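# Survey of secondary and tertiary structure
Residues per chain are reported as follows:
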Amino acid sequence: MALEIEEEHVESLSSMDHDLCVKNFVWSKEEWPAINYDEFADGDDIPIISLLGILDEKKKKSQDYEILCQAMVNASSNWGFFKLVDHGVDLKVIENVKLRWNELFDLPMEQKLKGARSASLPLGYCATNPDYGKNLPWAEILQLLQSPQHVVAFATKMFGDQHQPFSDAVIECMHELDKLGMRIFEMLAHGLGLEYNFFTKSFEEKEATMIRVNRYLPCPLPEKCLGLGSHSDPHALTILLQDHVGGLQVLKTDHQWVEIRPIPNSFVINIGDTLEAWTNGRLKSIVHRAVVNKEKQRLSAAYFISPSSSAIIDCPPQLMDPNANPRKYFPFKWEDFKKELLVQKIIVGKTALNRFLISN
Ligand SMILES: O=C(O)CCC(=O)C(=O)O
Ligand SMILES: [Fe+2]
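In short, a report on the structure. This structure is a prediction, so every number in the text was calculated from the model and none was measured.

A few words on the overall build of the protein. Scanning the protein from N- to C-terminus turns up 10 helices and 14 strands. For a compact globule of 360 residues, the expected C-alpha radius of gyration is about 21 Å, and the protein comes in at 20 Å, within 12% of that figure. Principal-axis analysis of the C-alpha atoms gives the protein an extent of 60 × 45 × 40 Å. Across the 360 residues in the protein, those meeting the buried criterion constitute 39%. Within the protein, residue pairs in contact and separated by at least 24 positions form 74% of the contacts whose partners lie at least 6 positions apart.

Given below as structure tokens:
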């Protein structure tokens, strides 16, 4: 039976030169998630942070604000992940953009390929991800830069002069997520005892900030396939929005994969490699992956916030100690890190960051 399933043709993800069968999506054995989707409901205990009551600028001086900044730093140091509720982003904006993305993914493959990514640049639409070589993700992916011009150019290729509803929804969503991201950076900086603008001043240019939208269709063999393999996010901070289905798993220090159950109207926030280096490892960039399931399709979107290319990622002295916590990374220009990422195409561990590691 399993073998029959493996021979099944996968039309929905066959956009490359040849037709794909389920067996083409089977990962190497050591990567098999071996999930039983029914167990997914089991608990997770990553921290939940609510911004209720502190969204107003005037609240920055309040005790609640202090407590929340501390909680955010603790979550980012212990887990590298937290869930954010009462985040202040208009839910209509989020619902609208999810609708537009689903509409796009529901188009016939022929039309989606009008916006297909090129071999050299991973932007635009892509069914599965050939960069992964043998381990093909069970996912359709749409990757777009934050730049409104880039979004409009993509949407015009896809929808012609009918592009406006899609373009407007995506641009508005990224604008809102960006504002939220800057708020989080301010809170993290404050919680770490740094100036509020310690991080935000390096995010004036958004040239590498982007969104990746993942659609995972139901998969006949979820125990041997993955929607997205294990990785850490190389950028500074990720804001993940998703639907109610769930599939995100985080690797805990005891090598256990923990499911992150979605909470309605929340975001999952995680620290990227860049911020880990910037804080000398105080904030952690944790390995995670996306599993798929037999019955339900799932939509998730990761907004990856990156510093300006010219930003120098240099840990402030307050976060280091010559004896207890000496400098771990040479200061680097974010542009040089980005070049490493482009060379590598797929992210294996923290290899791009390791180039800047000071070896003892
Ligand atoms: O789909 C998910 O939950 C995870 C997505 C993710 O980790 C990514 O796009 O980097
Ligand atoms: Fe990720």
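Let's shift gears to the sheet that holds strand β8 (residues 248–251). If you trace the 4 strands from one edge of the open sheet to the other, you get β6-β11-β8-β9, paired in antiparallel fashion. Both outer strands of the open sheet, β6 (228–231) and β9 (257–259), are each paired with one neighbouring strand and no more. For this sheet the average axis-to-axis angle between neighbouring strands, irrespective of direction, equals 20 degrees. Examined bridge by bridge, β8 and strand β11 (residues 288–290) share 3 bridges and lie antiparallel to one another. In the strand pairing of β11, Gln 249 is matched with Arg 289.

Okay, the sheet that holds strand β5 (residues 210–216) next. If you walk across this open sheet you meet the 8 strands as β1-β2-β10-β7-β12-β5-β4-β3, and the pairing is mixed. Strands at the two margins of the open sheet, each flanked by one partner only, are β1 (48–50) and β3 (124–127). Averaged over neighbouring strand pairs, the angle between their axes works out to 25 degrees when direction is ignored. Sitting on the sheet, helix α2 (residues 63–78) touches β1, β2 (81–85) and β10 (267–271), and the angle it makes with β1 is about 155 degrees.

This part covers the site of ligand 1. Lining the immediate surroundings of ligand 1 are Arg 212, Asn 214, Leu 228, Asp 233, Leu 240, Gln 242, Gly 247, Leu 248, His 288, Ala 290, Ser 300 and Ala 302. Elements that contribute at least two residues to the shell around ligand 1 include exactly β5, β7 (237–242), β11 and β12 (298–305). Of the residues that constitute the shell around ligand 1, the class distribution is 5 nonpolar, 5 polar and 2 charged.

Reading the values: rules and limits
Residue numbers restart at each chain and count upward from 1, following the sequence in its written direction. Chain letters and ligand numbers both follow the written order, the letters beginning at A and the numbers at 1. The predicted origin of the model limits local features to residues at a pLDDT of at least 70 and limits the giving and counting of side-chain atom pairs to 80 or more, whereas totals for whole chains, interfaces and linings rest on all residues. A run of DSSP states H or I qualifies as a helix once it reaches four residues; a run of E qualifies as a strand once it reaches two. Both are numbered from the N-terminal end. We compute the radius of gyration over the C-alpha atoms and compare it with the globule rule, which gives 2.2 Å times the number of residues raised to the power 0.38. With C-beta atoms placed from the backbone, a residue is labelled by how many other C-beta atoms lie within 10 Å of its own: buried for 20 or more, exposed for 12 or fewer, partly exposed between the two. Throughout, a pair of residues is in contact if the C-beta atoms placed from their backbones lie within 7 Å. Note on pairing: two strands pair once DSSP finds at least 2 bridges between them. The axes are straight lines fitted to the C-alpha atoms, using for helices just the contacting stretch, and the angles between their N-to-C directions are given from 0 to 180°. Working rule for contacts: place C-beta from the backbone, and if it is within 6 Å of a molecule or strand, that residue counts as near it. All amino acids are sorted into three groups, where Ala, Val, Leu, Ile, Met, Phe, Trp, Tyr, Cys and Pro are nonpolar, Asp, Glu, Lys and Arg are charged, and the leftover types, Gly among them, are polar.

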